[in-house]
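Examination of the molecular architecture
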Amino acid sequence: MDRRSFLLGTGTLALSQLLFGCGGNNQRQLKVELLKGSIPGQVVNQFQKGLQQQVELKFAPVEQIQDLFEQLQQNWRQKQLEAANQQKPSPFFQRIQNLFESIQGLFEWIKNGRRKPKATDADLVTLGDYWLKAAIEQNLIESFEKEEVNQLKQWSALDEKWKKLVTRNDKGDLDIQGKVWGAPYRWGSTMIVYNRDKFQELGWTPRDWSDLWRHGLQQRISLLNQPREVVGLVLKKLGKSYNTENLDQVPDLEKELQILNQQVKFYSSNNYLEPLIMGDTWLAVGWSSDILPVLGRYPQLAAVIPQSGTAIWADLWVRPKGITWVGSEGIIRGTLSKQWIDFCWQPSIAKQISVLTKSNSPISTNITASDIQEPLWNLLHSDVYDGLRLGKVLDKSEFLLPLLPSVIKQYESLFAKIKV
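Residues numbered from 1 in each chain as written. Predicted model: local features only at pLDDT ≥ 70, side-chain atom pairs only at ≥ 80, totals over all residues. Heavy atoms only, no water.

**Here's the deal with the overall build of the protein chain**
Assigned secondary structure in the protein chain consists of 17 helices and 15 strands. The buried share of the protein chain, reckoned over its 420 residues, is 52%. Partitioning the intrachain contacts of the protein chain with sequence separation of at least 6 by distance along the chain shows that 76% fall at a separation of at least 24. Working note: accessible area of the protein chain is about 20000 Å², and carbon and sulfur atoms make up 49% of it. (Helix = DSSP H or I, 4+ residues; strand = E, 2+ residues; numbered from the N terminus. Buried < 20%, exposed > 50% of the residue type's maximum accessible area, 1.4 Å probe, protein only. Contact = heavy atoms within 4.5 Å. Areas by Shrake-Rupley, 256 points an atom, 1.4 Å probe, with all protein chains shown as cover.)

Have a look at this one:
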């Protein structure tokens, strides 16, 4: 499991049952492709009940964000092909194209264990903030016009950091004069998860990144197999930013990485919880989307957000390229899309999304102790966290922002070097 593949809780099971069970061909439609497990089925049901007119909702869950991104790429290629032909392919050509894509998908499944994603005709799609720059640069998504943003009733309720995250220029870089490219609906963080029993033997519990270097943890921890995450946490320990651009000018960075590497039993972004549960490792660094859903089932595990700050991520609603909200049908689908985004931002709905998907919300939600399991209280509650105000910890946290290819190469080279 990893940041791109979320655990599906029981609260989301109804969603897959809802997808294609309604409607005739002439009904008004809203098509949404979303990350599996990121929206509870009951939230979709509530949205449908609140609509003034009968609407066919097609909410299709997709296993990984990478698949959603590749669907956007397929969608744009298909639009370009249709534009080049200036007409839809003939039925014969379409059958040949479908056969070719099926063969491609089979080879993809043989090679990578998953099929090649098909193009999407959805009105809205889930995309992670880390993928936003690439989607803009590759012309895969449409921005929201200023007038459309103003029509989003809850936009003003968003903290400025969320508005800043999705306001970018046409190169995908942060730009307060840019356009709005997405609508964040939930977020999470990189955190530390550890085995309580093992740390009881040590007589202390981890609270910050610096604890990963402490005596007694040699060959006892696992880290994400991600250069930005691993180099980033060391930068954070040294008082620097996750988004530092010149690594050569950070004193002791490589030395600290080498020492940390001696503590590491393995690097994995997919299979780090199982060894921790079994006791093969004592501590793991991972994503909240993987960690929070299992805390209630395994009481020997506890999680902590490092007090010096961490990396944070967000799931966004984006609009695929070529989906126009003009004409009678387009206006209806555009209106429904904006209603859905606003609905996700209503405090009571944002609270349900947060509690049921075990994530945080960009909207203030007033989560109380009775709403969530005790192990999650400090991690989802917006007030107090381990004696500190959670907000102050998160103020020190950062999104992994786009970096120049040459800088990314620095991270990758340094990470590869210390793992040898």
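Alright, that's what it looks like, and here's the rest.
**Topic: the side chain of N243**
Here N243 shows up in the loop between α9 (227-237) and α10 (253-263). Engagement of the side chain of N243 in a polar contact is seen with the backbone nitrogen of L401, the distance being 2.8 Å. When residues no more than four places from it in sequence are discounted, the contact partners of N243 are R228, E398, F399, L400, L401, L403 and Y411. (Polar contact = N/O pair within 3.5 Å; in protein donor to acceptor, adjacent residues only side chain to side chain.)

**Digging into the confidence of the model for the protein chain**
Here the protein chain shows a mean pLDDT of 84. Residues at 70 or above account for 76%. Every residue in residues 1-17 is under pLDDT 50, and counting partners more than four places away or in other chains gives 57 contacts. pLDDT under 50 marks residues 19-25. Its contacts with residues more than four places away, or in other chains, come to 11 contacts. (pLDDT = per-residue confidence, 0-100.)

**So, the packing of aromatic side chains**
The full count for this structure, using the stated rule, is 13 aromatic pairs. Consider the rings of F47 and F343, whose centres lie 5.2 Å apart with planes at 55°: the pair is tilted. One end of the pair, F47, is in helix α2 (residues 41-50); the other, F343, is in helix α13 (residues 327-345), with 296 residues separating them in the sequence. Judged by relative accessible area, F47 falls into the buried class, the value being 3%. Ring geometry for F199 and W204: centres 5.1 Å apart, planes at 85°, overall edge-to-face. Both residues of the pair, F199 and W204, belong to the buried class. Among the aromatic residues, those joined into a ring-pair cluster are F47, F59, Y185, W317, W340 and F343. Residue placement shows R214 over the ring face of W204; its charged tip is 3.8 Å from the ring centre. (Phe/Tyr/Trp six-rings, centres within 6.5 Å; stacked < 30°, edge-to-face > 60°. Lys NZ or Arg CZ within 6 Å of the ring centre and 35° of its normal.)

**Side note on α9**
Count 3.6 residues to each turn of an α-helix, and residues three or four apart come out pointing the same way. Of all 11 residues in α9, 10 are buried; the element is thus mostly enclosed. Of all the positions in α9, only P227, R228, E229, V230, V231, G232, L233, V234, L235 and K236 are classed as buried. One or two steps after α9, the chain reaches G239, where phi turns positive at roughly 85°.

**Examining the pairing of strand β10 (residues 283-287)**
Every regular strand shows the same layout, with side chains that alternate between the two sheet faces. Burial of β10 is extensive: five of the five residues sit out of reach of the surface. The side-chain alternation of β10 yields two buried faces, one formed by L283, V285 and W287 and the other by A284 and G286. Sheet topology places strand β7 (residues 183-195) next to β10; five bridges connect them, and they run antiparallel. Counted as the bridge partner of M191 is G286 from β10. (Pairing = 2+ DSSP bridges.)

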